[in-house]
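Overview (structure and organization)
These are the residues of each chain, in order.
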Amino acid sequence: MNFFFGFFPDQNTNFKIRKVVGEVGTVFNDFDIPVRWSKPDTYHMTLLFLGERFNFINNILFRFKLRDIKFKPFKIVFNTVKLGISRKYKELVYLDVKEGGENLRELYLELRKRLNINDEGNFVPHLTLGRISKDLSTQEYSNICKDLSVVTKGLNIKDIEFYVDNLYLIKSSDGNYKVLMNLLDLSKRIL
């Protein structure tokens, strides 16, 4: 089980992401490289990972510490499909963010500060599409990156966008996601 703060793209954006996955999936199929694709109904962006445990006391503390958090809705625009977000996650296939990344970083830092959470990693805004199920050779990695670049140029990924206007505490268990807390109802609390 994992717990994190994040949000989900709207249905229209989700549909566009599905189409991108269908197209980029051919790159991996052509190289006969297995990928564990994310389920389309679980497409999300993680803002802050909280760990594998979350208890009743944390729930009360978080509600108290985040009771007055506010932000203006902002737009996320995707850029392209990439492979390997870091050395630790070389197998990750993801959409990187062209617009809205600074808003995400500000919100990420605000959550860390309010909740007094020290995060070891660098925050890289992205939406995970899948994970490669094998170790890639340097040549395979290079070839896939080149082909992804060519394929994604024709996909109009920069037209995929949505607005972030809510933030959720989400529980992930065996590929299923459940919203535990809706932190913002910006229709009532817009700055």
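Residues numbered from 1 in each chain as written. Predicted model: local features only at pLDDT ≥ 70, side-chain atom pairs only at ≥ 80, totals over all residues. Heavy atoms only, no water.

Here we look at the pairing of strand β4 (residues 74–83)
β4 sits mainly inside the fold: seven of its 10 residues count as buried. Inspection of the sheet shows β4 paired to strand β7 (residues 161–164) by four bridges, in the antiparallel sense. Residue F74 lies in a different strand from β7, and its bridge partner there is V164. Relative to strand β5 (residues 92–99), β4 runs antiparallel, the two being bridged by five bridges. Along β5, the bridge assignment pairs V81 with L95. (Buried < 20%, exposed > 50% of the residue type's maximum accessible area, 1.4 Å probe, protein only. Helix = DSSP H or I, 4+ residues; strand = E, 2+ residues; numbered from the N terminus. Pairing = 2+ DSSP bridges.)

Description of the layout of surface pockets
Over the atoms rolls a probe the size of a water molecule, and its path tells where empty space is left. The computed volume of the largest pocket comes to approximately 1400 Å³. Considering the residues around the largest pocket, the lining is formed by 42 residues, among which T46, F49, Y89, H126 and R131 are closest to the centre. Listing elements by their share of the lining of the largest pocket, those giving two or more residues are β1 (2–7), β2 (35–37), β3 (45–51), β6 (126–132) and β8 (168–173). With seven residues, β3 is the largest single contributor of residues to the lining of the largest pocket. For the lining of the largest pocket, the residue count by class is 19 nonpolar, 15 polar and eight charged. (1 Å grid on protein atoms, 1.4 Å probe; cavity = no way out; pocket = protein on both sides within 12 Å on 5 of 7 lines; lining within 4 Å. Points joined across faces, edges and corners; volume = space filled by probe spheres on them. Nonpolar A, V, L, I, M, F, W, Y, C, P; charged D, E, K, R; others polar.)

Brief notes about the sheet that holds β4
Here we have five strands laid out as an open sheet, ordered β2-β6-β5-β4-β7, and antiparallel in their pairing. Pairing within the sheet leaves two strands with one partner each, and these edge strands are β2 and β7. Neighbour-to-neighbour, the strand axes of the sheet open up by a mean angle of 35°, direction not taken into account. (Axes fitted to C-alpha atoms, helices over the stretch in contact; angles between N-to-C directions.)

Some details on a nonpolar patch on the surface
On the surface, a cluster of nonpolar side chains totalling about 430 Å² of accessible area is made up of F56, I57, I60 and L61. By the element assignment, I60 lies in helix α2 (residues 56–65). Classification of I60 by relative accessible area gives partly exposed; the value is 46%. (Patch = residues over 30% accessible without salt bridge, like charges linked within 9 Å, V, L, I, M, F, W, Y side chains within 5 Å. Areas by Shrake-Rupley, 256 points an atom, 1.4 Å probe, with all protein chains shown as cover. Salt bridge = Lys/Arg side-chain N within 4 Å of Asp/Glu carboxyl O.)

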